[in-house]
Amino acid sequence: WGHFPHPRLFPSPVQILSLVKAGLPLGLAALSAQIYSRLDTVLVGRFMNPLAVGWYSAASVLVIAASQLVIVPLMVAVFPTLSRLRSRSPEFRRTSLTITASVIATTFAVVALTYIVSSPLIHLVYGPEFAPAVQVLRLLILSLPFAALSAFFYKLLIILGKQVSYLKISLLGALINIVANLTLIPLLGMTGAALAAILTQICLTLFYGLALKKYWP
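This text gives an overview of the structure that appears in the document. (Residues numbered from 1 in each chain as written. Predicted model: local features only at pLDDT ≥ 70, side-chain atom pairs only at ≥ 80, totals over all residues. Heavy atoms only, no water.)

Brief notes about the side chain of Asn 181
Line of reasoning, step 1. Considering the arrangement of structural elements, one finds Asn 181 in helix α6 (residues 163-188).
Line of reasoning, step 2. Ignoring any residue separated from it by four or fewer positions in sequence, one finds Asn 181 in contact with Leu 39, Asp 40, Leu 43, Pro 186, Ala 193 and Ala 196. (Helix = DSSP H or I, 4+ residues; strand = E, 2+ residues; numbered from the N terminus. Contact = heavy atoms within 4.5 Å.)

Take a look at the structure:
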């Protein structure tokens, strides 16, 4: 045992501060993501009625479930590999582009399938009284490819050590979502909320893509 240092059970204040400093952008970015993923339901309730909230929430839950089934396994699978490839720029770039193509193909297949089964799915899961949620589901699912791409792109930014860029873009996405929801929901109701979600994810994908182009090794 004399050859090994004693483990430190309690980090020093300097270490704690360093950890907080490194993790703060990620925490704030996650908070902003919660804003633009929950605000639409809140504002549907504010500008419409409880029935609309139920219909919109029913569609949202299914889209979130689909996104988790697609995005989470992919991110868990590829993050360690891409982190290891970070020091080998050509291979890192090539692998990232291959995964991007896979994300696009997979999510568009899910969109097509969801559009086909949306009506029987809503009736099966929620019942015929939730029929108005079908059209919302068909709109909201269009955000899936962009949500998956933006999730993958911001993971690449984290691997590249650009957490601050990730935070700035996430905050911008929250701002866009707030403005879009406040503008579209009073005009179009649930359709406006769905369009605001799609617009937000398109903007996030574009901004993350531009940031990656700037920082790409």
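Considering the environment of Gly 209
Line of reasoning, step 1. In this structure, Gly 209 sits in helix α7 (residues 190-215).
Line of reasoning, step 2. Between the alpha carbons of Gly 209 and Tyr 154 there is a distance of 8.8 Å; along the sequence they are 55 residues apart.

Some thoughts on the environment of Leu 167
Line of reasoning, step 1. Checked against the element boundaries, Leu 167 lands in helix α6.
Line of reasoning, step 2. Here Leu 167 falls in the buried class, since its relative accessible area comes to 13%.
Line of reasoning, step 3. In the structure, Leu 167 is positioned 139 residues away from Leu 28 in sequence and 6.8 Å away in space, judged by C-alpha atoms.
Line of reasoning, step 4. Residues within four places of Leu 167 in sequence aside, it is in contact with Pro 25, Leu 28 and Ala 29. (Buried < 20%, exposed > 50% of the residue type's maximum accessible area, 1.4 Å probe, protein only.)

Let's talk about the nonpolar core
Line of reasoning, step 1. Among the nonpolar cores identified, the biggest contains 29 residues, and Leu 82, Phe 92, Phe 152, Phe 153, Leu 156, Leu 157 and Tyr 208 are the most heavily contacted of them.
Line of reasoning, step 2. Elements with a contribution of two residues or more to this core: α1 (13-47), α2 (50-85), α3 (89-125), α5 (144-159), α6 and α7.
Line of reasoning, step 3. Take this core: its biggest share by element is 9 residues, from α5.
Line of reasoning, step 4. Core analysis: the second largest hydrophobic core is formed by 25 residues, Val 63, Val 134, Val 136 and Met 190 among them. (Core = buried A, V, L, I, M, F, W, Y, C linked by side-chain atoms within 4.5 Å.)

Focus: α3
Line of reasoning, step 1. The terminal C-alpha atoms of α3, which comprises 37 residues, lie only 46 Å apart, well short of the 54 Å expected from a rise of 1.5 Å per residue.
Line of reasoning, step 2. At Ser 118, α3 shows its largest kink, close to 60 degrees, and the proline Pro 120 lies no more than four residues downstream.
Line of reasoning, step 3. In this structure, the buried residues of α3 make contact with α2, α4 (133-140) and α5.
Line of reasoning, step 4. Trailing α3 by a residue or two, Gly 127 shows a phi angle of about 105 degrees, which is positive. (Expected span 1.5 Å × (residues − 1). Bend = angle between axes of the 7 residues up to and from the residue.)

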